[in-house]
Amino acid sequence: PPSPYKDRPWEYLESEEYRATYGDKPVWHGYRRNHKGSVPPQRTRKACLRRGKHVGTPCPICRDRNLLVDFRNVKLLDQFICPHSGAIFHPIHTGICMQQHRRLAQAIAQAQDHGLLWIHVPFVPVPEEDFSNQHAAVGKTPPAPALKGPGQAWYPWYEWQQPPAAAVARMRHNYQGFLKENYPDTPPS
Amino acid sequence: QRSPPPAERKAAQPRPAFTDEAVQTLLYKMTGLDLRKVFRPVKKGLRPPHYKLMTEAQLEEATRKAIEEAKTKLIMPPVLNEREPIDDVLAEDKVLEGTETAKYVFTDLSYSIPHRERFIVVREPNGVLRKATWEERDRMIQIFFPKEGRRVIPPTLFKDENLGAVFQQDRHEDVLNMCIAQFEPDSPDYIRVHRRTYEDIETHGKYDLLRSTRHFGGMVWYLLSRKKADGLLIDMISRDLVEDAASLITLYHMLHPDCQSAKEAKEGKLQGVDLIKAFVKTESQREGYIQLALQAYEEAMATSSAS
């Protein structure tokens, strides 16, 4: 069944129910993964809900249907960020499944983008360049002559041009036997 | 060390600019140099602290180096007018109409030219070849020559709705640093975000957040050009920074030489507390508060000198 806090997930973290379940500790405190051997696999399980079936021991976020990973409930997101370095905890440390970890990372990036979470701002020195905008690339340049009036063509070869006399004489000499009689020199109307 | 200010710049030009020597010196003095705030620890990772054993001379040397470094961090960003939009058409080729369905952006990728001299042109589907607008220019330059801290699409933080949430967390300095990283100093977004920040600081009186940062000068310039110096004056006097208050009034007179108190100050050559009193009598809107603060300061001075 869908959670009653579906549209306002941040209210759950202020409620009595949350306080009674978790107290002051973070959500993932006390969770222990079940795995073979002393060294846990370096990745947690892929997802707690696969093909419609829930696993036996879900991760700290999937086991509580009211904990929704959303960029607006900053208090939940803060529990998964290291208070000293500002980095997100590895899923091995918190025990959440990889799918939730991916959604959590996306929600944290969104919250930082909206300004709800702290983000590290690098110091960018003041740019020392010429701000006068006089250069032709960014300033006003005089328009081309063809743009001033509507009658003019953009390129001169858009209209018919008289070819040079030497070129005409050369063509006539090359195609001597094939020229039609009375072929006009003026442009066709 | 900045060069000493020239004595009494006359109003030969109609208005002093932000970059004038005298103005910059006054703003720099007002900014203060709290080394603890400039070099405060940033969230970087947990490491055990370093301890060094130093003699007096070494300590002085280290403090001097720290002050030099802090000065580079306190260089003020420029205050410019909004840039003119670019709308130059270079060519109109009707032959190309209908051949393409998308715009093409041609960027000059030569490495050694400054970004402001880079030619970026756009060929539209109707054959018009025009210079790219400022937004297109910034996006293209960020794609091909990425700068640290700048994103191709600006964060949603800079929209008006989301700025309010950030201001409630008192993170004005972070917002301004991100703004410098993201936008060019003459872009309309940069100017809008800065104005919004300064107004929020002024309505809530949170002037101390920006003290000892590089944004303090810009804030003072903005407030003085709009004649809203009262809140800042009260804040300075209540923190016993009377020299800063006097330099604030001097700067106000430089910016608005036609007002009553400027003329009085020039005639009487007033200094320090007298200057503030002359200003309070004629120009300020919150006379009562400033008088109270001045009284409290004078009583504190009297008791400390008496004891």
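Residues numbered from 1 in each chain as written. Chains lettered and ligands numbered in written order. Predicted model: local features only at pLDDT ≥ 70, side-chain atom pairs only at ≥ 80, totals over all residues. Heavy atoms only, no water.

- With an unreviewed UniProt entry as reference, chain B is termed RT22 protein, source organism Cinclus mexicanus.

- Chain A has the name Small ribosomal subunit protein mS40 in an unreviewed UniProt entry, where Cinclus mexicanus is given as its organism.
- Of the comments in the UniProt record for chain A, the one headed Sequence similarities (unreviewed entry) reads "Belongs to the bacterial ribosomal protein bS18 family. Mitochondrion-specific ribosomal protein mS40 subfamily."
- Under Subcellular location (unreviewed entry), UniProt gives the following word-for-word description of chain A: "Mitochondrion". (UniProt positions renumbered as here; feature names shortened; annotations may be inferred.)

### Comments concerning the overall build of chain B
Link 1 in the chain: A tally of regular secondary structure across chain B gives 13 helices and four strands.
Link 2 in the chain: Here the C-alpha atoms of chain B give a radius of gyration of 25 Å, more than 25% beyond the 19 Å that 2.2 N^0.38 yields for 307 residues.
Link 3 in the chain: With the C-alpha coordinates aligned to their principal axes, the bounding extent of chain B is approximately 90 × 55 × 40 Å.
Link 4 in the chain: Going through the 307 residues of chain B one by one, you find that 42% of them count as buried.
Link 5 in the chain: In chain B, once contacts between residues fewer than 6 apart in sequence are set aside, the share between residues at least 24 apart is 63%.
Link 6 in the chain: Split by element, the accessible area of chain B, about 17,900 Å² in all, is 54% carbon and sulfur.
Link 7 in the chain: The average position of the 47 basic charges and that of the 49 acidic charges among the side chains of chain B differ by 3 Å. (Helix = DSSP H or I, 4+ residues; strand = E, 2+ residues; numbered from the N terminus. Rg over C-alpha atoms; globule rule 2.2 N^0.38 Å. Buried < 20%, exposed > 50% of the residue type's maximum accessible area, 1.4 Å probe, protein only. Contact = heavy atoms within 4.5 Å. Areas by Shrake-Rupley, 256 points an atom, 1.4 Å probe, with all protein chains shown as cover. Lys, Arg positive; Asp, Glu negative; His and termini not counted. Charge placed at Lys NZ, Arg CZ, Asp CG, Glu CD.)

### Digging into the interface of chain A and chain B
Link 1 in the chain: The partner chain B presents 51 residues to the 34 residues of chain A that form the contact.
Link 2 in the chain: Where chain A abuts chain B, roughly 3,600 Å² becomes buried across the two surfaces, and 57% of that area is made up of carbon and sulfur atoms.
Link 3 in the chain: Contact with chain B buries area across many residues of chain A, yet D113, V124 and F131 of chain A alone supply 16% of it, more than any other trio.
Link 4 in the chain: At the boundary of chain A and chain B, one finds three salt bridges.
Link 5 in the chain: Linking E129 of chain A and R116 of chain B is a salt bridge whose minimum nitrogen-to-oxygen distance equals 2.9 Å.
Link 6 in the chain: For the pair chain A and chain B, the interface holds 15 residue pairs in polar contact (both at pLDDT 80 or more).
Link 7 in the chain: Each residue belonging to the side of chain A that touches chain B can be placed in one class, and the counts come to 20 nonpolar, 10 polar and four charged. (Buried area = accessible area lost by both parts, 1.4 Å probe. Salt bridge = Lys/Arg side-chain N within 4 Å of Asp/Glu carboxyl O. Polar contact = N/O pair within 3.5 Å; in protein donor to acceptor, adjacent residues only side chain to side chain. Nonpolar A, V, L, I, M, F, W, Y, C, P; charged D, E, K, R; others polar.)

### A look at the packing of aromatic side chains
Link 1 in the chain: In the structure shown here, the tally under the stated rule is 10 aromatic pairs over all chains.
Link 2 in the chain: Seen from their ring centres, Y18 of chain A and Y22 of chain A are 5.0 Å apart, and the 45 degrees between their planes marks the pair as tilted. Residue Y18 of chain A and its partner Y22 of chain A are both found in helix α1 (residues 16-22); the two are separated by four residues, about one turn of the helix.
Link 3 in the chain: Ring centres 6.4 Å apart and planes at 45 degrees place the aromatic pair Y111 of chain B and F145 of chain B in the tilted group. Pair noted here: Y111 of chain B is in the loop between β2 (104-107) and β3 (120-123) and F145 of chain B is in the loop between α4 (134-144) and α5 (160-168), with a separation of 34 residues, a long-range link.
Link 4 in the chain: A connected cluster of aromatic rings, assembled from ring pairs, spans Y5, Y12, Y18 and Y22 of chain A.
Link 5 in the chain: Between the NZ or CZ atom of R72 of chain A and the centre of the ring of F71 of chain A, over which it lies, the distance is 5.8 Å. (Phe/Tyr/Trp six-rings, centres within 6.5 Å; stacked < 30°, edge-to-face > 60°. Lys NZ or Arg CZ within 6 Å of the ring centre and 35° of its normal.)

### Some details on the packing of helix α11 (residues 260-268) of chain B against helix α12 (residues 272-282) of chain B
Residue and element names in this part refer to chain B.
Link 1 in the chain: Between α11 and α12, the shortest axis-to-axis distance is 9 Å and the interhelical angle comes to 150 degrees. As the angle between them shows, α11 and α12 are arranged roughly antiparallel. Taken as a pair, α11 and α12 cross one another with a handedness that is right-handed. Where α11 approaches α12, its residues Q260, S261, E264 and A265 are matched on the opposing element by L275, A278, F279 and T282.
Link 2 in the chain: Within the contact of α11 with α12, the residues separate by chemical class into four nonpolar, three polar and one charged. (Axes fitted to C-alpha atoms, helices over the stretch in contact; angles between N-to-C directions. Parallel < 35°, antiparallel > 145°, perpendicular 65-115°, else oblique. Left-handed = near helix turned anticlockwise from the far one by under 90°.)

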